[in-house]
Amino acid sequence: AAKSHASSREADAIRADQGATLNFDVPVRIQSVTSYMRAHGIYAHNDSTINIKELTIERVQGTNNSGTVISSLYGIGVGRNAQITIGHADISGVEGTALYVSNTAGSNGKIQIGSGRIIVPEDSTNGKQRWAVDAITGSVFLNKDKNQDLTVVGNMQAGENTNLATVDASFTTAASSWKGAV
């Protein structure tokens, strides 16, 4: 029988290393990202930028060798002074945090999504390890123009302890909705 071993590296479907700029003018579909340590559908490292016209993330998952689901699972994550801008997003199946801004004080990371769906699966353990948005520092803007359809299922958090952050989510159309807590 095959035996799996925990990796000491993270798995990123798309990653912009420090100072890089990536532009995608075509639809991007990420079917699955799996890791034993940490996983991102998309990650913009420090001082980098990623622009995507249309994004679908279907699954981000991970377990350690004992079968315990790991908590470092992210649909989209940004580091210090990094930015990710997405025109339309359909994010589901992230067994952790759909949108994550770095926990480094003074990070100034930013995630902007124009329209779409962000659906986080329910956590049957009630361990509060799953979030639609977790902006510990920096900013997350959802429907910044205030005229697009947006659906969010999952909790959102801005700031933590002494860190300040902004989550600006606008549910302004009849087709928009949010189910979750702050």
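Residues numbered from 1 in each chain as written. Predicted model: local features only at pLDDT ≥ 70, side-chain atom pairs only at ≥ 80, totals over all residues. Heavy atoms only, no water.

## Remarks on the overall build of the protein
Next, step 1: When helices and strands are counted, the protein shows 0 helices and 16 strands.
Next, step 2: Counting all 182 residues of the protein, 42% fall into the buried class.
Next, step 3: The long-range fraction of contacts in the protein, counting pairs at least 24 apart against all pairs at least 6 apart in sequence, stands at 75%. (Helix = DSSP H or I, 4+ residues; strand = E, 2+ residues; numbered from the N terminus. Buried < 20%, exposed > 50% of the residue type's maximum accessible area, 1.4 Å probe, protein only. Contact = heavy atoms within 4.5 Å.)

## A look at the side chain of Asn46
Next, step 1: For Asn46, the location among the structural elements is in the loop between β4 (39-44) and β5 (49-57).
Next, step 2: Residue contacts for Asn46: discarding those within four places in its chain leaves Gln18, Gly19, Gly79 and Arg80.

## Some words on the sheet that holds strand β9 (residues 97-101)
Next, step 1: Read across the open sheet, the 6 strands follow the order β1-β4-β7-β9-β11-β14; overall the sheet is parallel. Looking at the sheet topology across the chains shown, the edges are occupied by β1 (11-16) and β14 (156-158). Across the sheet, the axes of successive neighbouring strands diverge by a mean angle of 10 degrees, strand direction being ignored.
Next, step 2: Pairing geometry for β1 and β4, over 5 bridges, is parallel. Each bridged residue has a counterpart across the sheet, and for Ala16 the counterpart in β4 is Ala44. (Pairing = 2+ DSSP bridges. Axes fitted to C-alpha atoms, helices over the stretch in contact; angles between N-to-C directions.)

## Notes on the pattern of salt bridges
Side chains bearing opposite charge may pair, as long as their charged atoms lie close to each other.
Next, step 1: Scanning all chains against the criterion turns up 7 salt bridges.
Next, step 2: Its salt-bridge partner being Asp47, residue Arg80 comes within 3.3 Å of it at the nearest N-O pair. Here the residue Arg80 occupies a position in the loop between β7 (73-78) and β8 (83-92), and Asp47 occupies one in the loop between β4 and β5, the gap between them amounting to 33 residues.
Next, step 3: The class of Arg80 is partly exposed, set by a relative accessible area of 32%.
Next, step 4: The salt bridge involving Lys146 is made with Asp168; its shortest N-O contact spans 3.3 Å. Of this pair, Lys146 sits in the loop between β12 (138-142) and β13 (150-153) while Asp168 sits in strand β15 (residues 165-169), and the two are 22 residues apart along the sequence.
Next, step 5: Overall, Lys146 belongs to the partly exposed group, its relative accessible area being 39%.
Next, step 6: Classification of Asp168 by relative accessible area gives partly exposed; the value is 25%.
Next, step 7: Here the residues in one salt-bridge network are Asp12, Arg15 and Asp17, joined through shared partners. (Salt bridge = Lys/Arg side-chain N within 4 Å of Asp/Glu carboxyl O.)

## Describing the packing of aromatic side chains
The geometry of an aromatic ring pair comes down to the distance between the two centres and the angle between the two planes.
Next, step 1: Applying the stated criterion across every chain yields a total of 2 aromatic pairs.
Next, step 2: Seen in terms of ring centroids, Phe171 and Trp178 are 6.1 Å apart; in terms of plane orientation they differ by 5 degrees. Their pairing is stacked.
Next, step 3: Looking at Lys144, its charged tip hangs above the ring of Phe141, at a distance of 4.5 Å from the centre. (Phe/Tyr/Trp six-rings, centres within 6.5 Å; stacked < 30°, edge-to-face > 60°. Lys NZ or Arg CZ within 6 Å of the ring centre and 35° of its normal.)

Nothing here speaks to function; it is all geometry.
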